[in-house]
Amino acid sequence: QVQLVESGGGLVQAGGSLRLSCAASGRTFRWSAVAWFRQAPGAEREFVAAISWSGGATFYADSVKGRFTVSRDNAKNTVYLQMNSLKPEDTAVYYCAARPGRGTSYYAASEYDYWGQGTQVTVSS
């Protein structure tokens, strides 16, 4: 079955940058959308960003607009999340998620069928 493999998490100081990658192992699959969610300790999972696979339209949570950028490489079946100006509040486990067909919302976790294992991002003060 298809799997999403995340990488790029780690420790970074406030104001620094990280780039997360999400690679789909099922190279023949074509997604309608891929999204990033995050979950901080003691908090609920929240939407971060999403990208339409074919059209490239992007969507962001208000908390990350202007700091995070989501992009994709169709040939590699890989989605990236460039995170700049990181804040301690960005500390969380970050998950990528994908859906093979059209949905009704880019923002809802329930719209996505496949999920990565999560990668830890820790931002120190």
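Residues numbered from 1 in each chain as written. Predicted model: local features only at pLDDT ≥ 70, side-chain atom pairs only at ≥ 80, totals over all residues. Heavy atoms only, no water.

Student: Just checking my understanding: could you explain the pairing of strand S1 (residues 4-7) for this structure?
Tutor: Sheet faces and side chains relate simply in a regular strand, where the side chains alternate between the two faces. The alternating pattern of S1 places Leu4 and Glu6 on a buried face and Val5 and Ser7 on a face that is not buried. Of the pairings in the sheet, the one linking S1 to strand S3 (residues 18-24) comprises four bridges and is antiparallel in character. Within the sheet, the bridge partner assigned to serine 7 lies in S3 and is serine 21. (Buried < 20%, exposed > 50% of the residue type's maximum accessible area, 1.4 Å probe, protein only. Helix = DSSP H or I, 4+ residues; strand = E, 2+ residues; numbered from the N terminus. Pairing = 2+ DSSP bridges.)

Student: Sorry if this is basic, but what is going on with the state of the cysteines here?
Tutor: Such a bond, covalent and formed between the sulfur atoms of two cysteines, is termed a disulfide. Within the structure shown, the criterion is met by one disulfide. Note that cysteine 22 is cross-linked by a disulfide to cysteine 96, the S-S spacing being 2.0 Å. Since a negative S-S torsion denotes a left-handed disulfide, the cysteine 22-cysteine 96 link at about 65° is right-handed. Placement of cysteine 22 in strand S3 and of cysteine 96 in strand S9 (residues 92-99) is noted, with a sequence separation of 74 residues between them. The residues cysteine 22 and cysteine 96 share a single accessibility class, namely buried. (Disulfide = S-S within 2.5 Å.)

Student: So what exactly am I meant to see when it comes to the pattern of salt bridges here?
Tutor: When the charged atoms of two side chains lie near each other, side chains of opposite charge can form a pair. One pass over the structure, following the stated rule, counts five salt bridges. For arginine 38, the salt bridge is made with glutamate 46, and the minimal N-O distance between the two is 2.8 Å. Judged by its relative accessible area of 6%, arginine 38 is buried. Accessibility expressed as a relative area gives 36% for glutamate 46, which makes it partly exposed. Between aspartate 90 and arginine 38 there is a salt bridge whose closest N-O contact spans 2.9 Å. Taken together, the positions of aspartate 90 in the loop between strand S8 (78-83) and S9 and arginine 38 in strand S4 (residues 33-39) put the pair 52 residues apart, joining distant regions of the chain. Summarising the burial analysis for this pair, aspartate 90 and arginine 38 share the class buried. (Salt bridge = Lys/Arg side-chain N within 4 Å of Asp/Glu carboxyl O.)

Student: Can you help me understand the packing of aromatic side chains in this one?
Tutor: Each aromatic ring pair is summarised here by two numbers: the centre-to-centre distance and the angle between the ring planes. Counted according to the given criterion, the structure contains six aromatic pairs. On the basis of an interplanar angle of 80° and a centroid distance of 5.7 Å, the ring pair of phenylalanine 37 and phenylalanine 47 is categorised as edge-to-face. Of this pair, phenylalanine 37 sits in strand S4 while phenylalanine 47 is found in strand S5 (residues 46-52), placing the two residues 10 residues apart along the sequence. In terms of burial, phenylalanine 37 and phenylalanine 47 fall into one category: buried. Plain terms: the ring middles of phenylalanine 47 and tyrosine 107 are 4.9 Å apart, the flat faces sit at 65° to each other, and that makes the pair edge-to-face. Of the two residues, phenylalanine 47 sits in strand S5 while tyrosine 107 sits in the loop between S9 and strand S10 (114-115), which places them 60 residues apart along the sequence. (Phe/Tyr/Trp six-rings, centres within 6.5 Å; stacked < 30°, edge-to-face > 60°.)

Student: Looking at this model, I keep getting lost on the environment of lysine 65. Mind explaining?
Tutor: With respect to the helices, strands and loops of the structure, lysine 65 is situated in the loop between strand S6 (58-60) and strand S7 (68-73). For the pair lysine 65 and proline 88, spaced 23 residues apart in sequence, the C-alpha to C-alpha distance is 16 Å. Engagement of the side chain of lysine 65 in a polar contact is seen with the side chain of aspartate 62, the distance being 3.2 Å. (Polar contact = N/O pair within 3.5 Å; in protein donor to acceptor, adjacent residues only side chain to side chain.)

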